[in-house]
Every structure is written in C-alpha cells, then in structure tokens.
Amino acid sequence: MNTFHRGRRLRSSRALRELVRESRLNRDDLIQPYFVVESDPDFRKPIASMPGQFQLGLNQLMEEVGGAVDAGLKSLILFGIPVQKDPAGSQAYDENGIVQQAIRRIKDRWPELIVVADTCLCEYTSHGHCGLVSPEGEVRNDPTLALLARTALAQARAGADIIAPSDMMDGRVAAIREALDEEGFLHTPIMSYAVKYSSAFYGPFRDAAESAPKFGDRKTYQMDPANWREGLREAAADVEEGADILMVKPGLPYLDVIRLIRDNFDLPVAAYQVSGEYSQIKAAAQLGWIDETAVALESLIAFKRAGADLILSYFTQDLLKAGHV
Ligand code: PBG
C-alpha cells in the first residue's frame, strides 16, 4: 500500500480540506481600529500612509462604524486625536475627551458592539511620549501610572468594554486594575499590550494618530526586537498584575512570540497586525504585485495558526464587507 499520499488524500477536495482545517478565521475574533478626531464632527481625511483608513470626526465615525456593523463587525478599538495636546496628556483622561465621547455615542447606538479603549498618553502629550517626561527628557514611569489609571477610569465610565493599555510603563496593569476595581468596574477586562516591541512597523500609525515622539524614541520602554525571553517576563508580570488578555505586537514579524505566549500562558492571546504590516500589503497590491485580499487572509490565518485567539487588523471591515469572514 502506498502510504506516501496520505496528506494528498486529505487535500483532494474542497470539502475534505475544510473538514481537516486546523485554524479558522472568524468574524468574532476580529477587532477594527478607528482614529477619531476631536476638531470637527464632520471631519474625514484619508490617512495617506494607510490607504483605506481615515481620520474621522464623531459623525463620520458613526457612519463608518454603522457600515461595518451592518457587515457584521463585532468589535473595534479607538484611538483619539485631540485638539489640544499638553505635556501631561490631559485630554486622555478628561471626562469629555474625544475617545470618551466616541465610546458614549457608539455604546448608546450599538450596545452589543465590543468597544476597546486604547489606554496611552502618546496621542495626547505635546512631546509625543507615552508617559510624563522629566526636564532631562527621560520618561518617568511611576508618576505616569496614576494618569493611565485616570484614563482607564474615564474610558470605563464612558462605557468601554475592554481597557487596553499600550504604553508599556511598568506596573500599569496593577495600577489600572486597582482603580477599576475601586470604582466598581470589577468586570471590565484589561487587554494588555504585554509584549510590545519598539518597532519601525508603527510608522504609518504615528502619522495617523499624530503621535510620533518629538525627541528620542520609545526604546527605553518598548521591547528590543531581538528578544523573546524578555517577552515571557513582560507577559508574566502583566498576568501577575491582573491582565485578562495578553497582546503581542506587531504581528507577522513576531509569530514565534505569539506561539511562545500561547504555549506558556492560559489567557487569551491577541495579535496586532500593525499599521506598517497593513500598509506594505496595500502598497504592493496598489502596484499590482500581490493580491491584496489573498495576502491579507493568509497573514491573518497565520496569526491563528501561531495561536492567537483574537486579532486587531485594519483589514477587518473590508474583509467583512466583501464577505470573506
Ligand atoms: C500607542 C500605540 C501605538 C500603536 C498602538 N498603540 C504606537 C506606538 O507605540 O508608537 C501602533 C499601532 C499600529 O502601528 O497600527 N502607544
């Protein structure tokens, strides 16, 4: 008997391939990011470095989300672009900050939609760093924690379903958990950007969110791309502090890390297909060099194969609208 065709026999028809498929992409696992602008509710501007993505005023955001919800969107994450930035990032934790306003509007209209709030100061600080900065230009970890906790509280009060700290300050998950619990938000989960690398793949996002640091870089608080054991330590610290979901970011260049976190922790694992990953697919597709949808779907299934439970991707709403998920 010829045993060499075992694999091939299972690939001989579409139905067989689907029967034995090991990973699946599901609309329930996908989170679409949106950039919401405070200046004007009717603002709508394409993000040049992220074709298909927009900076949106509140009214425009509601329209965009509405279209995606009609196509089956289950979850989104919000990033805010305030009118005023200051050294302490005060619009991040203002009760009337743009993200808080957007959460209220969205939850009012679509109570079932899962709204994730990115918790960070970099979009709100005049210097563009994720925390307070000393006169010497150093990011000050501990004094930043209280501000992140205030931001998370303002987001939870507005109705956020998940708090997602992306700042990489040490101890922020514990600080946020304590603040949430004290105010009775016992059931609001924290999705921590636990293993977040200092990555050049965030370039287009920093255009989109107008959050590029004005001096220096984020290497003192984000991780070195060369390291994986450090990722285990970062994730373990966040678990200890009370994280409910662990995120790895960026995605495709760090599939090994996704697998590592999957195998070493029993919490849900999220992967963020970041702006640079999105834009390089878009750019190559615009040049006619690759098939955009096929490459997007192949990248996303790779996250699932590597062990991700949920995925943040800018392709989400387009894939939904085209019926691919
Ligand atoms: C904020 C934040 C960043 C991203 C998500 N949250 C940028 C950064 O750390 O500089 C990047 C997302 C993307 O590139 O799509 N700290």
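Since the model is a prediction, treat every value here as computed from it, not as a measurement. (Residues numbered from 1 in each chain as written. Predicted model: local features only at pLDDT ≥ 70, side-chain atom pairs only at ≥ 80, totals over all residues. Heavy atoms only, no water.)

Engineer: Can you walk me through the environment of Y93 in this structure?
Structural biologist: Within the secondary structure, Y93 is located in the loop between β4 (75–81) and α4 (98–109). Along the backbone, Y93 and R157 are 64 residues apart, and their C-alpha atoms lie at a distance of 11 Å. Aside from chain neighbours lying at most four places away, what touches Y93 is A88, Q100, L121, L147, R150, T151 and A154. (Helix = DSSP H or I, 4+ residues; strand = E, 2+ residues; numbered from the N terminus. Contact = heavy atoms within 4.5 Å.)

Engineer: For this particular structure, what's the right way to read the layout of surface pockets?
Structural biologist: Over the atoms rolls a probe the size of a water molecule, and in doing so it shows where empty space is left. In this structure, the largest pocket occupies an estimated 250 Å³ of space. Considering the residues around the largest pocket, the lining is formed by 16 residues, among which D28, L30, K74, S75 and I114 are closest to the centre. Across the lining of the largest pocket, the residue classes break down as ten nonpolar, one polar and five charged. Forming the boundary of the second largest pocket are R17, V20, R21, E22, S23, I301 and R305. (1 Å grid on protein atoms, 1.4 Å probe; cavity = no way out; pocket = protein on both sides within 12 Å on 5 of 7 lines; lining within 4 Å. Points joined across faces, edges and corners; volume = space filled by probe spheres on them. Nonpolar A, V, L, I, M, F, W, Y, C, P; charged D, E, K, R; others polar.)

Engineer: Explanation requested: the packing of helix α9 (residues 255–264) against helix α11 (residues 292–306) in the structure shown.
Structural biologist: Axes are the key here: two packed helices are described by the angle between their axes and the distance separating the axes. Direction vectors running N to C along α9 and α11 enclose 35°, while the axes themselves pass 8 Å from each other. Mapping the contact onto sequence places L255, I258, R259 and R262 in α9 and A302, F303, R305 and A306 in α11. (Axes fitted to C-alpha atoms, helices over the stretch in contact; angles between N-to-C directions.)

Engineer: In this structure, what is going on with the environment of G251? I would like to understand it.
Structural biologist: Tracing the backbone shows G251 in the loop between β10 (245–249) and α9. When sequence neighbours within four positions are dropped, the list of residues in contact with G251 reads I258, Y272, E277 and F303.

Engineer: Would you explain the site of the ligand in this entry?
Structural biologist: Near the ligand, the surroundings consist of 17 residues, among which K196, R206, K249, S275 and Y314 are the closest. Side-chain polar atom of R206 to an oxygen atom of the ligand: 2.6 Å apart, as the coordinates give it. Separating an oxygen atom of the ligand from a side-chain N or O atom of Y314 is a distance of 2.6 Å. The protein chains hide 100% of the 400 Å² of surface that the ligand would expose on its own. When atoms are counted within 2 Å of each cavity's grid points, the one that captures over half of the ligand is the largest cavity. (Near = heavy atom within 4 Å. Polar contact = N/O pair within 3.5 Å; in protein donor to acceptor, adjacent residues only side chain to side chain. Areas by Shrake-Rupley, 256 points an atom, 1.4 Å probe, with all protein chains shown as cover. Sits in = over half its atoms within 2 Å of the grid points.)

Engineer: It is not clear to me how a nonpolar patch on the surface should be interpreted in this structure. Could you clarify?
Structural biologist: Among the surface-exposed residues, L10, L19 and V20 lie close enough to one another that they form a single nonpolar patch of about 280 Å² accessible area. Here V20 is to be found in the loop between α2 (14–19) and β1 (30–37). Under the relative-accessibility criterion, V20 is labelled partly exposed at 37%. (Patch = residues over 30% accessible without salt bridge, like charges linked within 9 Å, V, L, I, M, F, W, Y side chains within 5 Å. Salt bridge = Lys/Arg side-chain N within 4 Å of Asp/Glu carboxyl O. Buried < 20%, exposed > 50% of the residue type's maximum accessible area, 1.4 Å probe, protein only.)

Engineer: How do you make sense of empty space enclosed by the protein when you look at a structure like this?
Structural biologist: Applying the stated rule across the entire model yields two cavities of 30 Å³ or more. The space that makes up the largest cavity amounts to roughly 140 Å³. What lines the largest cavity is a set of 19 residues, among which C122, K196, Y202, F205 and K249 lie closest to the centre. Here the residues of the lining of the largest cavity sort into nine nonpolar, four polar and six charged. In this structure, the second largest cavity is lined by Q32, P33, Y34, F35, G52, Q53, F54, L56, E64 and Q317. At the level of secondary structure, the elements contributing two or more residues to the lining of the second largest cavity comprise β1 and β3 (54–56).

Engineer: Before we go on, may I ask you to explain the packing of aromatic side chains in this structure?
Structural biologist: Any two aromatic rings considered together are summarised by their centre-to-centre distance and by the angle between their planes. Evaluated as defined, the whole model comprises nine aromatic pairs. Centre to centre, the rings of Y272 and Y314 are 6.1 Å apart; their planes meet at 45°, and the pair counts as tilted. Placement of the pair is Y272 in strand β11 (residues 269–273) and Y314 in the loop between β12 (310–313) and α12 (316–321), with a sequence separation of 42 residues. Residues Y272 and Y314 agree in their burial class; the two are buried. Each residue in the set F35, F79, Y193, F205, Y272, Y278, Y314 and F315 is aromatic and connected to the rest through ring pairs, giving one cluster. (Phe/Tyr/Trp six-rings, centres within 6.5 Å; stacked < 30°, edge-to-face > 60°.)

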